Amino acid sequence: MLNHQSAIDIVMLSRLLREFRNIVPVVKKELFYMLPFGIASYLVGVVFIDRKNTASAKDVMKREAVAITKDHLKLAIFPEGTRHDNDTLLPFKKGSFHVAVDSQSIIQPVIVSKYHFLDHKRKRFGRGRVIIKIMPEIPTKGMTKADVNELTERCQQLMQTEFDALSAEAKQYCHN
């Protein structure tokens, strides 16, 4: 699970894809239609979900829960569901937590510091650094659907605390 700030998150994700095997990013279906990104993503196995069709999105995520176990896959998911440039993470969607519980797999939080070097309004870059931290694994073995709400809240709190710390550290390297 990664926090989601900008379209440039793909750079962070590509770095993780080089480091770890069997990672499958989960992205919104609309990205499929962005050429050439969509076709290239499809060809390398990215999972597209239709966020506007809840039933379809749930079906895709259920299939991925099976693939996690059967094919030893790891899903790269942005639990906030959409990008933002706030100091506070958006509320997490619960779909990824249902998948983790259904597959009894671990959750691996990955935090990326705030992009202090990026001026979202003017769409300009300054100089700065990004800090990425891979946090300790969170097991879901033995959890049931009844645990999803508490698991979601726990992950959100852990990731927010780390986001705050990393963002404060990264801010000192920002030169806009």
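Residues numbered from 1 in each chain as written. Predicted model: local features only at pLDDT ≥ 70, side-chain atom pairs only at ≥ 80, totals over all residues. Heavy atoms only, no water.

What counts is decided by this rule: UniProt positions are given in the numbering used here, feature names are shortened, and annotations may be inferred rather than shown by experiment.
For the protein chain, the name recorded in an unreviewed UniProt entry is 1-acylglycerol-3-phosphate O-acyltransferase, with Anopheles maculatus as its organism. Under the Pathway (unreviewed entry) heading, UniProt states for the protein chain: "Phospholipid metabolism; CDP-diacylglycerol biosynthesis; CDP-diacylglycerol from sn-glycerol 3-phosphate: step 2/3."

## As for the UniProt feature "domain: Phospholipid/glycerol acyltransferase" (unreviewed entry) in the protein chain
Let me state the cut-off plainly: A run of H or I in DSSP counts as a helix once it spans at least four residues, and a run of E counts as a strand once it spans at least two, with each numbered from the N terminus.
Following the UniProt record, the feature "domain: Phospholipid/glycerol acyltransferase" (unreviewed entry) maps to residues 1-115 here. With 39% helix and 13% strand, residues 1-115 has end C-alpha atoms that lie 18 Å from one another.

## Considerations on unusual backbone geometry
A cis geometry characterises the amide bond from L35 onward to P36, with omega recorded as -5°. Note that P36 resides in the loop between strand 1 (23-28) and helix 2 (37-43). Unusually for a residue other than glycine, H72 sits at a positive phi of about 60°. As for its placement among the helices and strands, H72 is situated in the loop between helix 3 (54-71) and strand 3 (74-76).

## Structural notes on the side chain of K114
How we decide: Any residue under 20% of the maximum accessible area for its type is buried, any over 50% is exposed, and the rest in between are partly exposed; the area is computed with a 1.4 Å probe on protein chains only. Each polar contact in these results corresponds to two N or O atoms within 3.5 Å; when the atoms are within protein, one needs to be able to donate a hydrogen and the other to accept it, and residues that are neighboring in sequence are counted only if both atoms are side-chain atoms. Contacts are residue-level and defined by heavy atoms, with any inter-residue pair within 4.5 Å sufficient.
Position of K114 relative to the elements: it lies in the loop between strand 4 (110-112) and strand 5 (118-119). Take K114: its relative accessible area is 13%, and that puts it in the buried class. In terms of polar contacts, K114 uses its side chain to reach the side chain of D87, at 3.4 Å. For K114, the residues in contact, after removing those within four places along its chain, are Q5, D85, N86, D87, F163 and S167.

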